[in-house]
Amino acid sequence: MPSITRAFATTASPEAAFDYLADFRNAEGWDPGTKTCQRTGGDGGVGTTYRNVSGFLGREVELTYTTAELVPGRLVLLTGSNDSFDGHDRFEIERSGDATRITYNAEMHFSGASRLASHLVAAYLPILAKKTVDQLRDCLDRLSA
């Protein structure tokens, strides 16, 4: 099960960071792999679903993401799945002096034939995490500009 955790600071307020992360359509801006992300159901709260199309290691992958948990200004938890993948994206948000600290954790579970790609994904994950954090920080910092 590949997973990765990264923490970083942003100039965005906890409330602005939460609002941005809770609307998963914004993944088009902060996730380097996301090509499109459209809301398919719900009002943005828990249970809201999204159709996410991503490019990953040369393949196009479609996932259904669901907002699993929201704690305003503190936590966003999304789950993504398709026939051979289940993932969790967790964003913990907290005030840290004049900044906001975001702790991002991504866990990936592969099944069936895709399980064979698990080691390749684990090797690539640190590179992808750096790109993701850099883009996410840039997007969040622009909220406070």
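Cut-offs and rules
- Each chain has its residues counted from 1, running along the sequence as written.
- Since the coordinates come from a predicted model, pLDDT governs what is reported: local features require at least 70, and pairs of side-chain atoms require 80 or more to be given and counted, while whole-chain, interface and lining totals use all residues.
- Heavy atoms throughout the structure, all of them, feed into the side-chain values; hydrogens and water do not.
- Whether two strands pair comes down to DSSP finding at least two bridges between them.
- To qualify as a helix, a DSSP run of H or I must reach at least 4 residues; to qualify as a strand, a run of E must reach at least 2; elements of each kind are numbered from the N terminus.
- The axes used here are C-alpha line fits, helices contributing only the stretch in contact, and every angle between their N-to-C directions lies in the interval 0 to 180 degrees.
- Contact between two residues is taken to exist if any of their heavy atoms lie within 4.5 Å; hydrogens are not considered.
- Stacked, tilted and edge-to-face are the three classes assigned to paired rings of Phe, Tyr and Trp, where Trp is represented by its six-membered ring and a pair needs centres within 6.5 Å; plane angles under 30 degrees give stacked, over 60 edge-to-face, the rest tilted.
- Only protein chains enter the accessibility calculation, which uses a 1.4 Å probe; a residue whose area is less than 20% of its type maximum is buried, one above 50% is exposed, and one in between is partly exposed.
- Whenever Lys or Arg places a side-chain nitrogen within 4 Å of a carboxyl oxygen from Asp or Glu, that contact is recorded as a salt bridge.

- In the nomenclature of an unreviewed UniProt entry, the protein chain corresponds to Polyketide cyclase from the organism Nocardioides oleivorans.

**Let's talk about the sheet that holds strand S5 (residues 75-82)**
Thinking step 1. As summarised here, the arrangement of the seven strands in space is S1-S7-S6-S5-S4-S3-S2, forming an open sheet in which the pairing is antiparallel. Edge positions in the sheet fall to strand S1 (3-10) and strand S2 (34-41), since each has one partner strand and no second. For this sheet the average axis-to-axis angle between neighbouring strands, irrespective of direction, equals 20 degrees.
Thinking step 2. Looking at chain direction, strand S6 (residues 85-96) and strand S7 (residues 99-110) are connected through 12 bridges and run antiparallel. Its bridge partner lying in S7, glutamate 92 is registered against threonine 103.
Thinking step 3. Packed onto the sheet, helix H1 (residues 14-22) meets strand S3 (49-56), strand S4 (59-71), S5, S6 and S7 and runs at close to 165 degrees relative to S6.

**Details of the pairing of S3**
Thinking step 1. Relative to S3, S2 is paired through six bridges, and the arrangement is antiparallel. In the strand pairing of S3, threonine 34 is matched with serine 54.
Thinking step 2. In terms of strand pairing, S3 meets S4 through eight bridges, oriented antiparallel. Residue pairing for S4: valine 53 is matched across the bridge by glutamate 62.

**Focus on the packing of aromatic side chains**
The description of an aromatic ring pair uses the distance of the two centres, along with the angle that the planes make with each other.
Thinking step 1. One pass over the structure, following the stated rule, counts six aromatic pairs.
Thinking step 2. Ring geometry for phenylalanine 24 versus tyrosine 65: centroids 4.5 Å apart, planes at 40 degrees, classification tilted. With phenylalanine 24 in the loop between H1 and helix H2 (27-30) and tyrosine 65 in strand S4, this residue pair connects regions lying 41 residues apart in the sequence. Tyrosine 65 matches phenylalanine 24 in its accessibility class, with the two residues each being buried.
Thinking step 3. Here the aromatic rings of phenylalanine 91 and tyrosine 104 are separated by 4.7 Å at their centres, their planes lie at 15 degrees, and the arrangement is stacked. Taken as a pair, phenylalanine 91 in strand S6 and tyrosine 104 in strand S7 lie far apart in primary sequence, 13 residues in all.
Thinking step 4. The exposure class assigned to tyrosine 104 is buried, which follows from its relative accessible area of 9%.

**A look at the pattern of salt bridges**
Thinking step 1. All told, the structure shown has seven salt bridges when counted by the stated rule.
Thinking step 2. Note that arginine 25 and aspartate 23 form a salt bridge whose closest N and O atoms lie 2.8 Å from each other.
Thinking step 3. By relative accessible area, which is 19% here, aspartate 23 ends up buried.
Thinking step 4. Close ionic contact of glutamate 62 with arginine 51 constitutes a salt bridge, the shortest N to O distance being 3.1 Å. You can see glutamate 62 sitting in strand S4 and its partner arginine 51 sitting in strand S3, a full 11 residues away along the chain.
Thinking step 5. Its relative accessible area of 31% is what places arginine 51 among the partly exposed residues.
Thinking step 6. Connected through salt bridges with shared partners, the residues Lys130, Asp134 and Arg137 form a single ionic network.

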